[in-house]
Amino acid sequence: MRAGINALTVAFVVGVLAGLLLTPDGRAWLSHPTLMLGGQANASATAPETAVADTPIEVEAPVPTTTLKSRYADGTLTIGVFGDSMADGLWAALYRDLGDLDGVDVVKFSEVSTGLSRYDYVDIQAKSTRQLAERPVDVAVVLFGTNDAQAIVIDGQIHPFGSDGWKAAYAQRVDNLVELMRSRGAEVYWVGLPRMKSGGFDGRMTIINDVVAARMAALGVPYFDTVALTSNEAGGYEAYLSDDDGRRRLMRAGDGIHMSMSGYLRMADPVADRLKADLGVAEAEAATATP
């Protein structure tokens, strides 16, 4: 009996491996199994801890730009939304908030299952460089992080998630991305990650938020903290939250990570308000409303 079970097990494993080898995704997983196993597999790897980060990427000198208000007054203005699946929802909300403004185009550059930790999977710096070459933007709204609780590997050195080496590497990638966007003449606005349902996952997203918030302060980039905005009165996770009218609305998707459309609109509101102010739209609307 045991010999039969062992034979079946071997046949099963061989079959699975053969199946993986026959597909691109399977071959990619065999080369980088953490694409499926994620941060848990990466974090289990051990290596001497250092604070070595990615080398700063040299980009072209920043293009002299006028203010967003002047650019908007002169004609059309393009707002690009960059990030992962969370940014997809943010784009939809900003499109609803800003898409009806004359001359404003809100464009989606985000892509699901991407992030700043796994450049062996999708190199966001290279991808964004291509995107900006094909479609320049005046404003870059960025939201990354839900896929980034994984180790970062640099020159064969594994930096476990949350370690000093990881924080240094992640911060450098954030800096490189901001510098790239600025070098293409874009004003950058970075949106933080919301409150998460799982306490463990929420703690990991807090680490990412802390690194990003510190870099945005150092770089002078507007940063929108969405944790309080997506928490209940006690500061915890809740799927239903009250809107401005006091009505309870479902703000979260069933996975406890992503938002509902109402939730994305809630996250986008302060971003849209800031952009309207920087474009001079809020000022114009106030002047029009004054008797």
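Structure: see above.
Residues numbered from 1 in each chain as written. Predicted model: local features only at pLDDT ≥ 70, side-chain atom pairs only at ≥ 80, totals over all residues. Heavy atoms only, no water.

J.: Break down the overall build of the protein for me, citing the residues and quoting the values.
T.: Along the protein, the regular secondary structure elements total ten helices and nine strands. The buried share of the protein, taken over its 291 residues, is 44%. Across the protein, every contact between residues at least 6 apart in sequence was considered, and the portion connecting residues at least 24 apart equals 73%. As displayed, the protein has an accessible area near 14600 Å², and 56% of this comes from carbon and sulfur atoms. (Helix = DSSP H or I, 4+ residues; strand = E, 2+ residues; numbered from the N terminus. Buried < 20%, exposed > 50% of the residue type's maximum accessible area, 1.4 Å probe, protein only. Contact = heavy atoms within 4.5 Å. Areas by Shrake-Rupley, 256 points an atom, 1.4 Å probe, with all protein chains shown as cover.)

J.: Provide a residue-level description of the side chain of S231, including the pertinent values.
T.: Within the fold, S231 resides in the loop between β7 (223-224) and β8 (240-242). Among the polar contacts listed, one links the side chain of S231 to the side chain of R195, at a separation of 3.1 Å. Engagement of the side chain of S231 in a polar contact is seen with the backbone oxygen of V227, the distance being 2.6 Å. Aside from chain neighbours lying at most four places away, what touches S231 is R195, G236 and L241. (Polar contact = N/O pair within 3.5 Å; in protein donor to acceptor, adjacent residues only side chain to side chain.)

J.: Could you give me a rundown of the pattern of salt bridges, with the residues and numbers involved?
T.: On inspection of all chains with the given rule, the structure shows 13 salt bridges. Residue E187 pairs with R71 through a salt bridge whose shortest N-O separation is 3.9 Å. A residue pair is termed long-range when its members are at least 10 positions apart, and E187 in strand β6 (residues 187-191) and R71 in helix α4 (residues 68-74) qualify at 116 residues. Note on E187: relative accessible area 33%, which makes it partly exposed. Relative accessible area serves as the criterion here: at 14%, R71 is assigned to the buried category. Connected via shared salt-bridge partners are D243, D245, R247 and R249. (Salt bridge = Lys/Arg side-chain N within 4 Å of Asp/Glu carboxyl O.)

J.: Can you lay out the packing of helix α6 (residues 124-134) against helix α7 (residues 164-183) for me, pointing to particular residues and giving the numbers?
T.: Packing of α6 against α7 brings their axes to within 10 Å, and their N-to-C directions diverge by 10°. In this view, α6 runs roughly parallel relative to α7, as classed from their interaxial angle. Contacts from I124, Q125, S128, T129 and L132 in α6 reach R173, N176, L177, L180 and M181 in α7. Tallied by class, residues from the contact of α6 with α7 come to five nonpolar, four polar and one charged. (Axes fitted to C-alpha atoms, helices over the stretch in contact; angles between N-to-C directions. Parallel < 35°, antiparallel > 145°, perpendicular 65-115°, else oblique. Nonpolar A, V, L, I, M, F, W, Y, C, P; charged D, E, K, R; others polar.)

J.: Give a detailed account of the environment of A126, specifying residues and quantitative values.
T.: Examined against the element boundaries, A126 turns out to sit in helix α6. Accessibility expressed as a relative area gives 29% for A126, which makes it partly exposed. Taking the C-alpha atoms as reference, A126 lies 9.9 Å from L180; in sequence the two are 54 residues apart.

J.: Talk me through the side chain of T230; I want residue IDs and the actual numbers.
T.: Along the chain, T230 falls in the loop between β7 and β8. A distance of 2.9 Å separates a polar atom in the side chain of T230 from the backbone nitrogen of R195. Discounting residues that sit within four places of it in the chain, T230 has contacts with P194, R195, L241, R252, M259 and M267.

J.: Break down unusual backbone geometry for me, with residues and values.
T.: It is generally the case that most residues other than glycine have a negative phi and that most peptide bonds are trans. Although it is not a glycine, S113 adopts a positive phi angle of roughly 60°. Topologically, S113 is positioned in the loop between β2 (104-108) and α6. Residue S113 is classed as partly exposed on the basis of its relative accessible area of 41%. A positive phi angle, close to 50°, is found at D155, a residue other than glycine.

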